[in-house]
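Understanding the architecture of this molecule
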Amino acid sequence: MRLKPIFIGAICALSILTVNNTCFAQMVAQRPPMGWNSYNCFGSAVHEDEVKANAAYMAKNLKQYGWQYIVVDFLWSYDNPPGSNIGNPFQKNLQDGSFVPWLTMDKWGRLLPQPTKFPSAFGGKGFKPLGDYVHSLGLKFGIHVMRGIPRQAVWAKTPVMGAPGITADMIADTASKCPWMNHMYGLNMSKSGAQAYLNSILNLYASWGVDFIKVDDLSRPYSVAEVEGYRKAIAQCGRPVAFSLSPGETPITQADHVKQYGNMWRMADDFWDNWKEITHMFEYAKRWEGQGGPGHWPDADMLQIGKLSKRGPVGKERYSRFTEDELYTHMSFWCLFRSPLMMGGNMPENRPLELKLLSNPEVLAVNQQGSDPKQLYNRDGAMVWFSHIPGSKSLYVGMFNVDGDAKDISINFADLGLSGKITVRDLWKRQNLGAFSDSYHQQVNKHGVVLMKLAVN
């Protein structure tokens, strides 16, 4: 029996009201999110004009292909000195117990963007002016946040909005700390006022027009209560907000939970531009095979394409160290596995190669329209993945050479459940290679790929 749409809508509304979060979580990210993130090119030191420049580039060159999110990554409340590329400045205590550096914060213990980096935030406007600019281009706006509550709010005993008589020190879990940046304590979600604090920050973000939050340090260890707390806060804020969990290796044992509460989650630690990390990501993807779907996506991390590390955080300023073949493998696998696509390079410095990698509609369709990606085999330096094309018998197939030399890679159509004449189309070249009966093989460069559509005639 098919339920009528109005009845389905009523069920979803009831789920939101009762904080049964699966329905609300899947209102966004029906397909893997596509966007840009400031971290890989600017670290903690991105400035408002640079965010706007990337947004303008996306609107002009990539929006028509489905790219839409502009995400300001971490430490937007920190006042980077001129020329600073500090990745994670630890706070230290002064004689009275207060902290340096002191992060920009309101009277309710909620971090605010630093006006020296984001001038439009001056006067307590927060990210609303920047969000309005991004929205004016037809794009969506996102921010990175660290989980929990600022340690400086705990020291100052700031009141919690919406929880009379509760202060920050009463809801903090002071034993729960991020090992690589000490600005925050975790929240003790069993304490009265803890959920009210999360609600208050999500309401603030909603007032700024935030469409996406990347919440860091939720996986060390995986914090069930805080993950659920953020989802509840999103559900009550009145705005559809995509929820990304990062960083660290999300445990596969939490697959059912993270699929219910998150829209995307990092499978591994930070990914950078060297070949070994691509091979490791193949392994993570195999581990998470079959777990992605509308509203919930395993995340292979940002695309290491284009100009990286302009102000840190890893290595000197450079274009991606991947070879051209490795870049095609990188983009092809992220698309075939249906990872979210978050561009890491500074897009205004894109060359024709970078634009070509990001704007092939047939390749992007693999990411946005494929279904149930799986590994066919991985042996002798050759690896093949495939996914289904909904509504047809056709398949997307990637043949990857993970070895050190060029090699001939083959696929038997019967192994893919195909028979008869099969038309093979090279998606990067956007041309048909011919019709074949039983199998197909092709020479593939070292660390290269052939990304294909196999259509049944």
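Small disclaimer: the values here were computed from a predicted structure and weren't measured.

1. Quick word on the sheet that holds strand β11 (residues 264-266)
To summarise the sheet geometry, strands pair through backbone hydrogen bonds and adopt either a parallel or an antiparallel arrangement. Here we have eight strands laid out as an open sheet, ordered β12-β11-β10-β9-β5-β2-β1-β15, and parallel in their pairing. Here the strands that pair on one side only, and so sit at the sheet edges, are β12 (297-299) and β15 (341-343). Between one strand and the next, the sheet's axes are offset by a mean angle of 25°, whatever the strand orientation. Here four bridges tie strand β2 (residues 69-72) to strand β5 (residues 140-146), and the two strands are oriented parallel to one another. Directly across from valine 72, in β5, lies its bridge partner isoleucine 143. Against the sheet, helix α8 (residues 224-236) contacts β5, β9 (212-216) and β10 (242-245), and its axis sits at roughly 165° relative to β10.

2. As for the pattern of salt bridges
Here the structure, examined in full by the defined rule, presents 23 salt bridges. A salt bridge links glutamate 362 to arginine 430; its shortest N-O distance comes to 3.4 Å. Linking glutamate 362 in helix α13 (residues 361-369) with arginine 430 in the loop between β20 (422-426) and β21 (431-436), this pair joins segments that are 68 residues apart in sequence. For aspartate 372, the salt bridge identified is with lysine 374, shortest N-O distance 3.5 Å. Judged by its relative accessible area of 32%, aspartate 372 is partly exposed. Several salt bridges converge on common partners, so that one network encompasses Lys307, Lys310, Glu317 and Glu349.

3. Considerations on the side chain of serine 320
Structurally, serine 320 is set in the loop between β14 (318-319) and α11 (324-337). Classification of serine 320 by relative accessible area gives buried; the value is 12%. Looking at serine 320, its side chain comes within polar contact range of the main-chain oxygen of glutamine 304, at 2.8 Å. At 3.3 Å, the side chain of serine 320 and the backbone nitrogen of phenylalanine 322 are in polar contact. With residues up to four places along the chain from it excluded, the contact list for serine 320 reads Asp273, Gln304, Ile305, Gly306, Leu308 and Leu327.

4. Some points on empty space enclosed by the protein
Considering all chains together, one arrives at three cavities of 30 Å³ or more under this definition. The space that makes up the largest cavity amounts to roughly 200 Å³. As for the largest cavity, its lining consists of 17 residues, of which Trp76, Leu111, Val145, Met146 and Met184 are closest to the centre. The calculated volume of the second largest cavity comes to roughly 70 Å³. What lines the second largest cavity is simply Asn37, Phe212, Lys214, Ser244, Ser246, Met264, Arg266, Asp299, Asp301, Met302 and Met342. Of all the elements in the fold, those that place two or more residues in the lining of the second largest cavity are β9 and β11. When grouped by side-chain class, the residues that make up the lining of the second largest cavity number four nonpolar, three polar and four charged.

5. Considering α8
Taking 1.5 Å per residue as the helical rise, α8 with its 13 residues ought to reach 18 Å, and the 19 Å between its terminal C-alpha atoms agrees with that figure. In the stretch just after α8, glycine 238 is the one whose phi turns positive, near 80°.

6. Let's talk about the pairing of β20
Each regular strand displays side chains that alternate between the two surfaces of the sheet. Burial analysis of β20 places four of its five residues in the buried class, the great majority of the element. Turn length for the β20-β21 hairpin, with the two strands adjacent in sequence and antiparallel, is four residues, and the turn residue arginine 430 shows positive phi of about 55°. As paired elements, β20 and strand β23 (residues 449-456) share five bridges and run antiparallel to each other. Within β23, the position partnered with threonine 423 by the bridge is alanine 455.

7. With respect to the sheet that holds β21
One open sheet accounts for six strands, arranged β16-β17-β18-β23-β20-β21; its pairing is antiparallel. The sheet is open, and its two edges are formed by β16 (371-379) and β21, each paired on a single side. Looking at each pair of strands side by side, their axes are set apart by 25° on average, direction ignored. Along the sheet, α11 contacts β16, β17 (382-388), β18 (395-401) and β23; its crossing angle with β18, the most-contacted strand, is approximately 145°. Sitting on the sheet, α13 is in contact with β16, β17, β18, β20 and β23, with an inclination near 110° to β18.

8. Notes on the confidence of the model for the protein
Confidence in the prediction of the protein, expressed as mean pLDDT, is 93, and 94% of residues score 70 or more. Considering only residues more than four positions removed or in separate chains, one finds that residues 1-22, a stretch of pLDDT under 50, has 17 contacts.

9. Some thoughts on the nonpolar core
Counting residues in each nonpolar core, the largest one holds 126 residues, and the members touching the most others are Trp67, Ile143, Ile149, Tyr205, Ile213 and Met331. No other element matches the 10 residues that helix α7 (residues 194-208) contributes to this core. Composition of this core by domain shows at least three residues from each of domain 1 (34-369) and domain 2 (376-456). In terms of nonpolar packing, the next biggest core, distinct from the first, is built from 19 residues, Val384, Leu395, Val397 and Tyr440 among them.

10. Examining the pairing of strand β19 (residues 407-412)
Side chains Lys407, Ile409 and Ile411 project from β19 onto a buried face, and the interleaved Asp408, Ser410 and Asn412 project onto a face without burial. Here β19 pairs with strand β22 (residues 439-444) via six bridges, running antiparallel. Following the sheet pairing, lysine 407 is matched in β22 by valine 444.

11. Things to note about the packing of aromatic side chains
Per the stated rule, a full pass over the model turns up 24 aromatic pairs. Ring geometry for tyrosine 328 against tryptophan 428: centres 4.7 Å apart, planes inclined by 90°, an arrangement best described as edge-to-face. Here tyrosine 328 is found in helix α11, whereas its partner tryptophan 428 is found in the loop between β20 and β21, with 100 residues between them in sequence. Grouped by ring-pair contacts, the aromatic residues Phe271, Trp275, Phe282, Phe322, Phe333, Trp334, Phe337, Trp385 and Phe400 constitute a single cluster. Lying over the aromatic face of tyrosine 133, lysine 52 brings its terminal NZ or CZ to 5.1 Å of the ring centre.

12. Re the layout of surface pockets
Its boundaries defined by the atoms lining it, the largest pocket holds a volume of some 290 Å³. For the lining of the largest pocket, the two domains that each supply at least three residues are domain 1 (34-369) and domain 2 (376-456).

Calculation notes
- Residues numbered from 1 in each chain as written.
- Predicted model: local features only at pLDDT ≥ 70, side-chain atom pairs only at ≥ 80, totals over all residues.
- Heavy atoms only, no water.
- Pairing = 2+ DSSP bridges.
- Helix = DSSP H or I, 4+ residues; strand = E, 2+ residues; numbered from the N terminus.
- Axes fitted to C-alpha atoms, helices over the stretch in contact; angles between N-to-C directions.
- Contact = heavy atoms within 4.5 Å.
- Salt bridge = Lys/Arg side-chain N within 4 Å of Asp/Glu carboxyl O.
- Buried < 20%, exposed > 50% of the residue type's maximum accessible area, 1.4 Å probe, protein only.
- Polar contact = N/O pair within 3.5 Å; in protein donor to acceptor, adjacent residues only side chain to side chain.
- 1 Å grid on protein atoms, 1.4 Å probe; cavity = no way out; pocket = protein on both sides within 12 Å on 5 of 7 lines; lining within 4 Å.
- Points joined across faces, edges and corners; volume = space filled by probe spheres on them.
- Nonpolar A, V, L, I, M, F, W, Y, C, P; charged D, E, K, R; others polar.
- Expected span 1.5 Å × (residues − 1).
- pLDDT = per-residue confidence, 0-100.
- Core = buried A, V, L, I, M, F, W, Y, C linked by side-chain atoms within 4.5 Å.
- Domains from an automatic or database assignment.
- Phe/Tyr/Trp six-rings, centres within 6.5 Å; stacked < 30°, edge-to-face > 60°.
- Lys NZ or Arg CZ within 6 Å of the ring centre and 35° of its normal.

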